[in-house]
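So you can see what is in the structure, the chains are spelled out below.
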Amino acid sequence: MQLIVAVDENWAIGNQNKLLVKLPNDQKFFRETTMGHVVVMGHKTLAEFPNGMPLKGRTNIILSRDLNLKIKDAIVVHSKQALIDELKKYDSNDIFIIGGESIYNMMYEYCDIAHVTKIQYSYQADCYFPNLDQLDNWVLTGESDEQTYFDLEYYFYRYQNRKPKCL
């Protein structure tokens, strides 16, 4: 299982249910990396997508506590165990955890690969991703050259979890 996330220099990922910034090359990387695969998200993350609709070309699995929530073209589950049971139906290499904060915190230990876009800026934020640089199981295995978008510098990093939990 993999995860994909964009963080600032403090590992922040959002503020007031919004992304910190939208970088065209990061969005392109996200789209190309997840296309044709399974994406797992919370309902707040889904609400950030255009018209609050699931991502086209992917199997969308939404975790929500709202037992009445029904979403066209998506699978809705209501607990961590229901999510794990659903994920067992897929090849783990085809699964991407895409947010938000509570979903990342719940699932990052099950992932063996993390695709992290690190933005060299500190934003006002209220949501964070675990700092993989400080976790013993995670090791940096790849990084891009410096990318820029106007005055922002960012990098694409790849981390490997040496001891992922089994589903």
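In this text the structure is predicted, and so the values were computed from the model without any measurement.

Caption draft 1: How the structure looks around the nonpolar core. The biggest cluster of nonpolar side chains holds 31 residues, and the ones touching the most others in it are Leu3, Val40, Ile97, Val116, Phe129 and Leu132. Counting residues per element, the ones that place at least two in this core are strand S1 (2-7), strand S4 (38-42), strand S5 (59-63), helix H3 (80-87), strand S7 (95-99), helix H4 (101-107), strand S8 (113-119) and strand S12 (152-161). When sequence neighbours within four positions are dropped, the list of residues in contact with Ile97 reads Met1, Gln2, Leu3, Ile4, Val40, Ile103, Tyr104, Met107 and Cys111. Counting 11 residues, the second-largest nonpolar core is a separate cluster that includes Leu55, Ile62, Ile71 and Ala74.

Caption draft 2: Here's a closer look at the packing of aromatic side chains. Applying the stated criterion to the full structure yields 10 aromatic pairs. Members of the aromatic cluster, joined through ring pairs, are Trp11, Tyr104, Tyr108, Phe129, Tyr155, Tyr157 and Tyr159.

Caption draft 3: View of the sheet that holds strand S2 (residues 12-15). The strand order S3-S2-S9 describes an open sheet built from 3 strands, whose pairing is antiparallel. The strands lining the two open edges of the sheet, one partner per strand, are strand S3 (18-19) and strand S9 (127-128). Sheet topology note: the S2/S9 ladder contains 2 bridges and is antiparallel. The partner of Ala12 across the bridge, within S9, is Tyr128.

What counts and how
- Residues numbered from 1 in each chain as written.
- Predicted model: local features only at pLDDT ≥ 70, side-chain atom pairs only at ≥ 80, totals over all residues.
- Heavy atoms only, no water.
- Core = buried A, V, L, I, M, F, W, Y, C linked by side-chain atoms within 4.5 Å.
- Buried < 20%, exposed > 50% of the residue type's maximum accessible area, 1.4 Å probe, protein only.
- Helix = DSSP H or I, 4+ residues; strand = E, 2+ residues; numbered from the N terminus.
- Contact = heavy atoms within 4.5 Å.
- Phe/Tyr/Trp six-rings, centres within 6.5 Å; stacked < 30°, edge-to-face > 60°.
- Pairing = 2+ DSSP bridges.

Geometry only, nothing functional implied.
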